[in-house]
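Letter by letter, the chains look like this.
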Amino acid sequence: MVSRSSISRIHVVGGAGRDDQHISSGAVDGHSCPHPCVFCRWRRVNIPTLTTGRLVLRPICREDLDASTAIWSDAEFGRYVGNHDRHSMWHNLAANIGAWELEGAGSWSVVERAAGALVGRAGLWYEPGWPGIELVWFIGRPWWGRGYAPEAARASGTWAFANHGVNRLVAIPHRDNQQSIRVAEKLGMTFERYETLHETDSAIYTITRAEWEARTGG
Ligand SMILES: CC(C)(COP(=O)(O)OP(=O)(O)OC[C@H]1O[C@@H](n2cnc3c(N)ncnc32)[C@H](O)[C@@H]1OP(=O)(O)O)[C@@H](O)C(=O)NCCC(=O)NCCS
């Protein structure tokens, strides 16, 4: 079942920069990081957690660093999306969780419910000038071929349509990334055009709200 909780802001009491600044309510409410970290109470955005049949999509947390580095340092995984060592992975995690604050949408760490293993990341990406709110998916190589990416993408797309006033979502795989294009097709997305984005030859796939709801039952 997909949680439809929307993003809510936690009010900070006290002026900016004042020593007495503190969080007025339980700042970790809704934060389902399995290992709450020292600074979690300073988070301002309440990122929801989504649950699917086999997966949990939960907020990225700093304890994801090593498992994420293991996934993103694999050459085959990075063929179209690039690789990360531990240092650049930390920056990548920070950017992805920061997107929630900047844009009100972002991606989640994807965890197997059965084994509790971090298997990848999925969710939403939007940045100024982007062709639309993008569905993104990254699954580590040991877990390829189990349908995890479409399962996670269905949950995040349903959350996006329920919580944002957009009428379509896009996917933007590299034009040669057949595995990712296959995921877009499984979601019912259709090819729209090729476009060069950040110097990458990308294929833009789209799905409208009406098409999504017809496939998922609303
Ligand atoms: C693209 C990606 C997310 C797909 O995740 P997934 O959970 O394996 O998705 P699926 O199980 O639905 O498989 C999708 C397709 O990948 C291909 N595939 C599956 N297992 C594979 C394997 N072991 N090796 C190569 N291709 C494989 C198949 O064509 C499959 O389609 P099919 O089910 O119709 O046969 C994953 O391959 C990945 O993270 N790749 C690296 C990062 C990336 O490119 N992300 C997309 C950015 S736009």
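Residues numbered from 1 in each chain as written. Predicted model: local features only at pLDDT ≥ 70, side-chain atom pairs only at ≥ 80, totals over all residues.

Caption draft 1: Structural view of the site of the ligand. Close to the ligand lie 20 residues, the nearest being Trp-144, Gly-145, Ala-149, Gln-179 and Ser-180. Among the secondary structure elements, those contributing two or more residues to the shell around the ligand are strand E7 (134-139), helix H3 (148-163) and helix H4 (178-186). Broken down by element, the shell around the ligand gets its largest block of residues, 5 residues, from H4. Taken together, the residues that form the shell around the ligand break down as 12 nonpolar, 5 polar and 3 charged. (Near = placed C-beta within 6 Å. Helix = DSSP H or I, 4+ residues; strand = E, 2+ residues; numbered from the N terminus. Nonpolar A, V, L, I, M, F, W, Y, C, P; charged D, E, K, R; others polar.)

Caption draft 2: Representation of the packing of helix H1 (residues 65-72) against helix H2 (residues 86-103). Running from amino to carboxyl end, H1 crosses H2 at an angle of 110°, the nearest separation of the two axes being 9 Å. Classed by the angle they form, the pair H1 and H2 counts as roughly perpendicular. In this structure, H1 crosses over H2, and the sense of that crossing is right-handed. Here H1 contributes Leu-65, Ser-68, Thr-69 and Trp-72 to the contact with H2, which in turn contributes Arg-86, Met-89, Trp-90 and Leu-93. Taken together, the residues of the contact of H1 with H2 break down into 5 nonpolar, 2 polar and 1 charged. (Axes fitted to C-alpha atoms, helices over the stretch in contact; angles between N-to-C directions. Parallel < 35°, antiparallel > 145°, perpendicular 65-115°, else oblique. Left-handed = near helix turned anticlockwise from the far one by under 90°. Contact = placed C-beta atoms within 7 Å.)

Caption draft 3: Layout of the nonpolar core. Core analysis: the largest hydrophobic core is formed by 48 residues, its most contacted members being Leu-57, Val-110, Ala-122, Trp-137, Ala-149, Ala-152 and Ala-153. In terms of residue count, the dominant contributor to this core is H3 (8 residues). If we skip the residues at most four places from it in the chain, Ala-152 touches Thr-52, Leu-55, Leu-57, Val-110, Ala-122 and Trp-137. (Core = buried A, V, L, I, M, F, W, Y, C linked by C-beta atoms within 7 Å. Buried ≥ 20, exposed ≤ 12 C-beta atoms within 10 Å, placed from the backbone.)

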